[in-house]
Amino acid sequence: MSHHHSTSQSLPHDYAILSHFNDDARHYQAYLPSVADADNEPSHPRGIPIRRVVSMADISERTPLIKHDPSIPCIHELSDDGDSACSEQSDSERVPSTQMFREELRTLTRYSLPVFASHVFEYSFILASVVTIGHISTVALAAGTLGMMTANVTGYAIAQGFASTLDTLLPAAWTSDTPHMIGLWTQRMVVMTAFGLIPILILWFNAEPVLLLLKQEPEVAHLAAVFLKYAAFGLPAYSFNCISRRYFQSQGLFSVPARIIMVTALFNAFLNWLFVYPLGLSFRGAPLATAISFNIVSLASILYGIFFVPRTAWHPIGRGVWQGWGLLGRLGIAGIGQVVSEWWTWELAGFAASMLGPVTLAAQSTLLVTASATYQAPFALSVAASVRIGNLLGEGKARRAEVVAKLSTAVAAVIGCIWWISFVILRKKWSYLFNNDPEVASMVSVVLPITAFSLVFDGVNAIGAGVLRARGKQVAGVLLNLSAFYVLGIPLGLLLTFHFGFQLGGLWIGLTAGLIYSSIGAVWIGIVRADWEAEVERARARVRGKGNGGKEEDAQR
């Protein structure tokens, strides 16, 4: 799908060509779908017309020579004169790469900003709970942190990873000749996720014995289990939000989830305060407020999708939801592994730092918060790049998809370099934003340059992972993460930290080495070695439910 401004005007000799076609309409019709062929085109199950035949009456001096195919849904964008229209950019070899880079840079920027806002404000849901609980007592803060960490590792990361399957399927479906497959794949994912949440919810409702088995303090374990019980009421909604966000984003509606989450985030902060203090629910009020907020986001997304979004991408609910589970399962398990393997890495790093004492743990917390906050920008760019590449593969624009992959990698590297230079300059003062302890500040000032250097490769790695998702190569992403962090990064970091006495700096040297390896591998496998023309055919096969070596499913059944 093409998502750019169409402001260029046709040249005078182009009008001469159109005049020639007017003299021989049959010559021009050879380039258009015929009425006879229309019966053989894929039809939308809701009866929405997908193709139309262009007559000579449709042609004027403002008609572009390369016209957008009505069979392919487009994302309307604002042109320079303020009008909303489908873009008409060509993937022709005659278009210079520099022009493509400029066009795609505008598109990626426009896509990334609302994605960035969505994730920042969604993160505020969790932050509001932790901040509210932290004012109750130290034990409550410890329990809330433990409960949130457990929720992240056993629930939220799994939901995010499984939903990432749709990054492979939905964008290509939107720009294919079967856009309604977006609705069908979304329905399948919702149903499959519902079954997958059952064991997670059982764990969350019975977490206290498990936490005691892991040698947690009894009072902390009890409160953390209470946290998980109330948070469980929001887990299905959180999972649905991960899915619905991709439903909108695949159609270019990036601002929809951003607006919904931004409004709800303000309400969530108020609910946390209201439930914990005025209503007297204390500790359990915070996770309950967040759970309600997640459900509000789900309800708002459903209502927006029903009343404000065209039904082009929708598919009637039917027996088709029980098909395609093999492909979803393969991609979903790999997606979970890709996300969870990285999330668990940082949890292990925090645990290792806790073994070095409270000062080191405080310094590690500062460094992790810094890395997490700065990661949001390249992560938003990776989501935008994944959707954009998927759209272009579905539209058959292999060369432009390759340009997007290379451009997003370069932009992520530049962003990482900016962070690196900034934190090296601010290394002696940065810690005081989080803690007033001079000993902690001294340790942060020593390790922060290493952490900042890792941000360059962390951003590039995020782009590589997004490209791999767009290409359906989640398994490669899992293998890269496992080898990068669990074979190289963490063992090297632990060896430098505890055996060679590098302390916290050694841990970050190991993590940085893993990120360097993973980013280089992701770029090499995902971008350099990619056959983009072949990826077009693979993307279209996946949209129709054709997995690796499998038979094409009947999408209309």
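Because the structure is predicted, anything quoted here is derived from the model rather than measured. Throughout, residues of each chain are indexed from 1 in the direction in which the sequence is written. In keeping with the predicted nature of the model, local features appear solely for residues at pLDDT of at least 70, side-chain atom pairs appear and are counted solely at 80 or more, and the whole-chain, interface and lining totals rest on all residues. With hydrogens and water stripped out, all remaining heavy atoms of the structure feed into the side-chain values.

Chemist: Got a minute to help me understand the overall build of the protein in this structure?
Modeler: Helix and strand counts for the protein stand at 19 helices and two strands. Within the protein, buried positions represent 51% of all 557 residues. Contacts spanning at least 24 positions in sequence make up 81% of the contacts within the protein whose residues lie at least 6 apart. With residues, only the protein chains shown are counted as cover, and all accessible areas are computed by Shrake-Rupley using a 1.4 Å probe. Of the accessible surface of the protein, which amounts to about 24900 Å², a share of 66% is contributed by carbon and sulfur atoms. Strands here mean DSSP runs of E at least two residues long; helices mean DSSP runs of H or I at least four residues long; both are numbered from the N terminus. For every residue, the accessible area (1.4 Å probe, protein chains only) is compared with the maximum for its type, and the residue is labelled buried under 20%, exposed over 50%, or partly exposed between those bounds. The contact definition used throughout considers only heavy atoms, calling two residues in contact when any of these lie within 4.5 Å.

Chemist: Explain helix α16 (residues 438-470) here, please?
Modeler: Side chains that are three or four residues apart share a direction in an α-helix, a result of its 3.6 residues per turn. Its 33 residues place the ends of α16 46 Å apart at the C-alpha level, agreeing with the 48 Å of an ideal helix rising 1.5 Å per residue. The quantity called bend is, for any residue, the angle between two axes fitted respectively to the seven residues ending at it and the seven beginning at it. Of all the bends in α16, the greatest reaches close to 40° and is centred on Val-447; the proline Pro-449 follows between one and four positions later. Looking one or two residues past α16, Gly-472 carries a phi angle of roughly 75°, positive in sign. Here, expected helix span is obtained from the residue count minus one, scaled by 1.5 Å.

Chemist: In this structure, what is going on with the environment of Val-460? I would like to understand it.
Modeler: Note that Val-460 resides in helix α16. Judged by relative accessible area, Val-460 falls into the buried class, the value being 11%. Separated by 48 residues in sequence, Val-460 and Ala-412 place their C-alpha atoms 5.6 Å apart. Each residue touching Val-460, except ones within four places of it in the same chain, is listed here: Thr-409, Ala-412, Ala-413, Ser-519 and Val-523.

Chemist: Got a minute to help me understand the confidence of the model for the protein in this structure?
Modeler: Should pLDDT be low for a region, the predicted coordinates there are not to be read in detail. Per-residue confidence from the prediction method is given by pLDDT, with values spanning 0 to 100. This prediction gives the protein a mean pLDDT of 82; 81% of its residues lie at or above 70. Segment residues 1-42: pLDDT under 50, and 75 contacts once partners within four positions in sequence are set aside and those in other chains are kept. Under a pLDDT of 50 for its full length, residues 46-72 has, in the predicted model, 55 contacts with residues more than four places off or in other chains.

Chemist: Explanation requested: the environment of Glu-103 in the structure shown.
Modeler: Tracing the backbone shows Glu-103 in helix α4 (residues 97-134). For Glu-103 and Val-404, which are 301 residues apart along the polypeptide, the C-alpha to C-alpha distance reads 9.8 Å. Pairs of N or O atoms are called polar contacts if they sit within 3.5 Å, as long as, within protein, a hydrogen donor faces a hydrogen acceptor (for residues adjacent in sequence, only side-chain-to-side-chain pairs). Polar side-chain contacts of Glu-103 include one of 2.9 Å to the side chain of Arg-400.

Chemist: Can you walk me through the UniProt feature "transmembrane region" (unreviewed entry) in the protein in this structure?
Modeler: UniProt positions are given in the numbering used here, feature names are shortened, and annotations may be inferred rather than shown by experiment. UniProt records the feature "transmembrane region" (unreviewed entry) at residues 189-207, 227-244, 256-276, 288-309, 407-426, 446-468, 475-500 and 506-528, using the numbering of this structure. The span residues 189-207 carries 95% helix and 0% strand; its end-to-end C-alpha distance comes to 27 Å. The distance separating the terminal C-alpha atoms of residues 288-309 is 31 Å; by composition the span is 91% helix and 0% strand.

Chemist: Could you clarify how one ought to interpret the pattern of salt bridges in this entry?
Modeler: Any two side chains of opposite charge can pair, given that their charged atoms come close. Here, a salt bridge means any Lys or Arg side-chain nitrogen found within 4 Å of an Asp or Glu carboxyl oxygen. Inspection of the entire model under this criterion finds ten salt bridges. The salt bridge involving Arg-388 is made with Glu-104; its shortest N-O contact spans 2.9 Å. Pair noted here: Arg-388 is in helix α14 (residues 358-395) and Glu-104 is in helix α4, with a separation of 284 residues, a long-range link. Per residue, the accessibility class of Arg-388 equals that of Glu-104, and both read buried. The salt bridge partner of Lys-397 is Glu-395, with a shortest N-O separation of 3.9 Å.

Chemist: Sorry, what's going on with the packing of helix α17 (residues 474-499) against helix α18 (residues 503-528) here?
Modeler: Two numbers describe a pair of packed helices, the interaxial angle and the distance between the axes. A fitted line through C-alpha atoms represents every axis, and for helices the fit uses only the stretch in contact; the resulting angles, taken between N-to-C directions, go from 0 to 180 degrees. With their axes 7 Å apart at the nearest point, α17 and α18 run at an angle of 160° to one another. Here α18 runs roughly antiparallel to α17, going by the angle between their axes. Helix-helix and strand crossings are classified by hand; for α17 and α18 the assignment is right-handed. Throughout this entry, Asp, Glu, Lys and Arg are counted as charged residues, while Ala, Val, Leu, Ile, Met, Phe, Trp, Tyr, Cys and Pro are counted as nonpolar. The remaining residues, Gly among them, count as polar. When grouped by side-chain class, the residues that make up the contact of α17 with α18 number 17 nonpolar, eleven polar and no charged. In these notes the angle categories are as follows: under 35 degrees is roughly parallel, over 145 is roughly antiparallel, 65 to 115 is roughly perpendicular, and the rest is oblique. When the near helix sits turned anticlockwise from the far one by under a right angle, the crossing is termed left-handed; a clockwise turn instead gives a right-handed crossing.

Chemist: Quick question: what am I supposed to make of the side chain of Glu-535 here?
Modeler: Relative to the helices and strands, Glu-535 is located in helix α19 (residues 532-543). Classification of Glu-535 as buried rests on a relative accessible area of 0%. Once residues within four sequence positions are removed from consideration, Glu-535 is found in contact with Leu-393, Arg-471 and Lys-473.

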